[in-house]
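Fold and geometry: a report
Each chain, letter by letter, is given below.
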Amino acid sequence: MNVRRIMTSLSMILRMLFRRRIVLILLVVIPIVFFSVVAITTSIQKVPFRIASMNGKVFILASEKHMALVFFAVAIAGFLMSFLAMNLIQKNSTINRRLMVCGYHPLELLLSNLLALTLMILMISVYVGLLTAAFFHVSHPGMMIFSLALTGFVYGGYGLAVGSLIAGELEGILFIVLLANIDAGWLQNPIFYAEAQNQALIHYLPAFYPSQAAIIAAFTDYSGLNASLNSLWYGLGFLAFSMLIFVIKMRIRK
Amino acid sequence: MILKAENMIKSFGKKKVLKGVSFSMDEGTVYGIAGENGSGKSTLLKILVGLWKADKGDFLIKGKIGYCPQESLLFSQLTVDEHFRYFSAAYGLAKSNWQSQSEFLLDQLNFRQYRKDKVSDLSGGTHQKLNLSLALLHQPDLLILDEPYNGFDWETYFRFWEITGHMKSQGCSILIVTHLLSEVNRFDRIYNLKNGYLE
């Protein structure tokens with residue numbers, strides 16, 4: 001492991017990311033558009049729902065609008081991070097192999113990608129968290145941002161796994177949109193969840209614990225430790241899987 | 001001897017591309033491998049640089065390899081200078097070494113004026129100049145070039161031979177794969193890859 005190689009690669013990855021207009025548009029515009037649509041379309045009617053990760057003991061009464069904002073904040077963070085992570089791994093896979101022929105170790109490139117991803121997670125979670133807080137009073141903004149970072153971590157890991165496994169960009173995007181849409185964008189909605197016929201299935205989807213952590217942080221004074229820890233485990237699972245695939249696919253014979 | 005390959009075999013599914021390729025190269029020589037499209041030339045090079053694994057056979061390379069792939073493998077959002085910096089980190093070169101070598105290559109291949117430009121804004125010929133320069137940056141002992149002068153104009157083509165001639169005189173061995181061989185007098189030996197064998 002060579003620190004200079006990792007830092008050079010990190011600096012180049014960040015330059016490439018920020019020079020792509022579509023990345024900047026996605027980062028800035030998508031959250032604003034989503035939140036605006038929610039703010040315009042949802043009602044302020046209060047809806048009671050229970051926090052699924054707390055054994056059904058805790059009920060909350062929150063407005064539909066505020067709940068939708070939290071729910072969409074999670075969905076936005078998940079979608080953006082999985083797309084960026086997939087793009088990061090997939091886009092340069094051929095030229096990364098050339099860098100390895102020239103001396104880079106797969107782990108050095110992987111580590112620089114993970115560092116870039118971490119920076120992006122921090123940036124997106126802070127931005128989306130602050131935007132959420134701009135729309136309504138969030139009980140614990142710091143924890144809310146942390147739970148969005150957890151969403152980014154879980155879905156970033158998923159994006160890395162998709163990018164490592166699937167060569168085609170279009171197919172990769174399809175995998176990401178499918179899961180992000182079904183999981184973070186639909187099944188984790190607390191209103192849907194409350195009446196779902198098979199709640200156990202929803203428990204095992206990647207956005208379950210991060211959205212629970214976000215709901216706890218946004219509306220209650222309870223501890224979201226359990227949901228946060230489970231999110232970390234989920235993210236680590238995706239990360240380990242994607243790292244394994246990356247190293248196997250990228251190694252060269254010297 | 002800088003390169004020795006013995007009985008290299010490679011198949012893709014049922015198609016046997018390399019059926020037993022053996023050859024060796026001495027220091028300070030220029031070898032060419034010619035062959036029709038799809039004859040397995042690039043496959044052989046990819047095995048030699050470590051990108052692919054041969055099904056059977058073995059090879060030994062002494063010293064640093066410089067590899068120029070057939071298609072320009074470059075980062076579209078990075079500039080020419082940033083490529084030199086990125087690849088110098090890969091080679092583990094000190095700043096003074098890679099900077100003087102990149103200045104030399106920018107002048108020799110005549111693309112200094114594009115050093116601050118992103119690859120996405122460059123022409124195909126300039127892509128190929130950068131593609132080749134990245135293989136030469138660390139002054140390798142064995143240069144493996146896959147169709148290196150595709151897209152070069154005449155002047156750059158002759159500059160290419162000037163550079164390789166200079167490198168050869170310093171003991172570098174050069175293996176060039178091409179589907180079109182001209183100026184055979186520039187090569188110390190030319191192989192033809194046909195039906196999976198070198199002739």
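Quick note: structure is the one above.
1. Structural notes on the overall build of chain A
Scanning chain A from N- to C-terminus turns up 11 helices and two strands. Reading the helices (α) and strands (β) of chain A from amino to carboxyl end gives α-α-β-β-α-α-α-α-α-α-α-α-α. By the compact-globule yardstick of 18 Å for 254 residues, chain A fits well, its C-alpha radius of gyration being 19 Å. The dimensions of chain A, computed from C-alpha atoms along their principal axes, are 65 × 35 × 30 Å. Of all intrachain contacts in chain A linking residues separated by at least 6 positions in sequence, the fraction that spans at least 24 positions is 77%.

2. What about the overall build of chain B?
Each helix and strand counted, chain B has five helices and nine strands in total. N-terminal to C-terminal, the α/β element order of chain B is β-β-β-α-β-β-α-α-α-β-α-β-β-β. At 17 Å, chain B has a C-alpha radius of gyration in line with the 16 Å of a compact globule built from 199 residues. For chain B, the C-alpha atoms occupy an extent of roughly 45 × 35 × 35 Å along the three principal directions.

3. Overview of the pattern of salt bridges
Residue and element names in this part refer to chain B. Scanning the entire structure with this criterion turns up 12 salt bridges over all chains. Note that Arg 115 and Asp 81 form a salt bridge whose closest N and O atoms lie 3.0 Å from each other. Placement of Arg 115 in the loop between helix H3 (95-108) and helix H4 (124-136) and of Asp 81 in helix H2 (residues 80-91) is noted, with a sequence separation of 34 residues between them. Take Asp 81: its relative accessible area is 15%, and that puts it in the buried class. Between Arg 115 and Glu 103 there is a salt bridge whose closest N-O contact spans 2.9 Å. On the criterion of sequence distance, the pair formed by Arg 115 in the loop between H3 and H4 and Glu 103 in helix H3 is long-range, its members being 12 residues apart. Under the relative-accessibility criterion, Glu 103 is labelled partly exposed at 27%. Overlapping salt bridges bring together Asp 81, Glu 103, Asp 107, Arg 112, Arg 115 and Lys 116 as one network.

4. Observations regarding the environment of Glu 36 of chain B
Relative to the helices and strands, Glu 36 of chain B is located in the loop between strand S3 (30-34) and helix H1 (41-49). Once the C-alpha coordinates of Glu 36 of chain B and Leu 193 of chain B are considered, the two residues, 157 residues apart in sequence, prove to be 7.9 Å apart.

5. Description of the nonpolar core
Core analysis: the largest hydrophobic core is formed by 132 residues, its most contacted members being Phe 219 of chain A together with Phe 23 and Tyr 86 of chain B. The element that contributes the greatest number of residues to this core is helix H3 (residues 64-91) of chain A, accounting for 15 residues. With residues up to four places along the chain from it excluded, the contact list for Phe 219 of chain A reads Phe 49, Ile 60, Ala 62, His 66, Met 67, Val 70, Phe 136 and Ser 139 of chain A. If you look at the next biggest cluster of nonpolar residues, it comprises 23 residues, including Met 86, Val 154, Ala 184 and Phe 238 of chain A.

6. Quick notes on the sheet that holds strand S8 (residues 189-194) of chain B
All names here are of chain B. Strand order in the open sheet made by the six strands is S5-S6-S7-S3-S8-S9, with mixed pairing throughout. At either margin of the open sheet sits one strand with a lone partner, and together these are strand S5 (65-68) and strand S9 (197-198). Pairing of S5 with strand S6 (residues 142-146) involves four bridges; the strand directions are parallel. The residue bridging Ile 65 from the neighbouring strand is Leu 142, located in S6. Across the face of the sheet, helix H5 (residues 154-169) comes into contact with S3, S6 and strand S7 (173-178) while running at roughly 145 degrees to S7.

7. Overview of the pairing of S6 of chain B
All names here are of chain B. In terms of burial, S6 is largely enclosed, as five of its five residues are buried. By the alternation rule, side chains of S6 split into Leu 142, Ile 144 and Asp 146 and Leu 143 and Leu 145, which are all buried. In this structure, S6 lies alongside S7, joined through five bridges in parallel fashion. Counterpart to Leu 143 in the pairing with S7 is Ile 174. The parallel pair S6 and S7, bridged by H5, forms a crossover whose chirality is right-handed.

8. Details of the environment of Ser 169 of chain B
All names here are of chain B. Of note, Ser 169 is situated in helix H5. Take Ser 169: its relative accessible area is 60%, and that puts it in the exposed class. Separated by 69 residues in the primary sequence, Ser 169 and Ser 100 have C-alpha atoms spaced 20 Å apart.

9. With respect to helix H2 (residues 21-41) of chain A
Residues and elements named next belong to chain A. The end-to-end C-alpha distance of H2, which contains 21 residues, comes to 29 Å, matching closely the 30 Å that a straight helix rising 1.5 Å per residue would cover. In H2, a bend of some 30 degrees at Val 29 exceeds every other bend along the element, and Pro 31, a proline, comes one to four places later. All buried positions along H2 are accounted for by Val 23, Leu 26, Leu 27, Ile 30, Pro 31, Phe 35 and Val 38.

10. Thoughts on the packing of H2 of chain A against helix H5 (residues 106-135) of chain A
Between two packed helices, the angle of one axis relative to the other and the distance separating the axes together describe the packing. All names here are of chain A. Orientation of H2 relative to H5, taken along the N-to-C sense of each, is 25 degrees, at an axis distance of 11 Å. With respect to each other, H2 and H5 are oriented roughly parallel. Handedness of the crossing formed by H2 with H5: right-handed. Between H2, through Leu 27, Val 28, Pro 31, Ile 32, Phe 35, Ser 36 and Ala 39, and H5, the contact on the second element is made entirely by Met 120, Met 123, Ile 124, Tyr 127, Val 128, Leu 131, Thr 132 and Phe 135. Of the residues that constitute the contact of H2 with H5, the class distribution is 13 nonpolar, two polar and no charged.

11. Observations regarding a nonpolar patch on the surface
Residue and element names in this part refer to chain A. Together, Ile 25, Val 28, Val 29, Ile 32, Val 33, Phe 34 and Val 37 make up an exposed nonpolar region whose accessible area comes to about 540 Å². Take Ile 32: it is sitting in helix H2. You can call Ile 32 partly exposed: its relative accessible area is 40%.

12. Notes on the environment of Ile 6 of chain A
Residue and element names in this part refer to chain A. With respect to the helices and strands, the residue Ile 6 is situated in helix H1 (residues 3-18). Considering only alpha carbons, one finds Ile 6 and Ser 125, 119 residues apart in sequence, at a separation of 24 Å. Filtering out sequence-adjacent residues up to four positions away, Ile 6 remains in contact with Met 1, Glu 108, Leu 111, Ser 112 and Leu 115.

Parameters and conventions
Counting from 1, residues in each chain are numbered in the order their sequence is written. All chains are assigned letters beginning at A, and all ligands numbers beginning at 1, according to the order in which they are written. The model is predicted, so local features are restricted to residues of pLDDT at least 70 and side-chain atom pairs to those at 80 or more, both for listing and for counting; the totals for chains, interfaces and linings are taken over all residues. Each side-chain value is worked out from all heavy atoms of the structure, with water and hydrogens disregarded. The helix and strand labels rest on DSSP assignments: H or I over at least four residues marks a helix, E over at least two residues marks a strand, and numbering proceeds from the N terminus. Only the C-alpha atoms count toward the radius of gyration. The rule for a globule is 2.2 Å times the residue count to the power 0.38. By definition, residues are in contact when any of their heavy atoms lie within 4.5 Å. Definition used for salt bridges: Asp or Glu carboxyl oxygen within 4 Å of a side-chain nitrogen of Lys or Arg. Between buried and exposed lies partly exposed: a residue is buried under 20% and exposed over 50% of the maximum accessible area for its type, with that area taken using a 1.4 Å probe on protein chains only. Nonpolar core, defined: a set of buried Ala, Val, Leu, Ile, Met, Phe, Trp, Tyr and Cys residues in which side-chain atoms within 4.5 Å join the residues together. Any two strands are treated as partners once DSSP identifies two or more bridges connecting them. Fitting a line to C-alpha atoms yields each axis, with helices limited to the stretch in contact; the angle taken between N-to-C directions then spans 0 to 180 degrees. Clockwise travel from the first strand over the helix to the second, with the strands pointing away from the viewer, marks a crossover as right-handed. For a helix, the expected span equals 1.5 Å multiplied by the number of residues minus one. The angle between axes fitted to the seven residues ending at a residue and the seven residues starting there is what we call the bend at that residue. To sort the angles, those under 35 degrees are grouped as roughly parallel, those over 145 as roughly antiparallel, those from 65 to 115 as roughly perpendicular, and the leftovers as oblique. When the near helix sits turned anticlockwise from the far one by under a right angle, the crossing is termed left-handed; a clockwise turn instead gives a right-handed crossing. Charged residues are taken to be Asp, Glu, Lys and Arg, nonpolar residues to be Ala, Val, Leu, Ile, Met, Phe, Trp, Tyr, Cys and Pro, and polar residues to be all remaining types, Gly included. Any residue with relative accessible area above 30% and no salt bridge may belong to a patch, with like charges joined within 9 Å and the nonpolar Val, Leu, Ile, Met, Phe, Trp and Tyr side chains within 5 Å. Every accessible area reported is derived by Shrake-Rupley at a probe size of 1.4 Å, with residue values counting cover from the shown protein chains alone.

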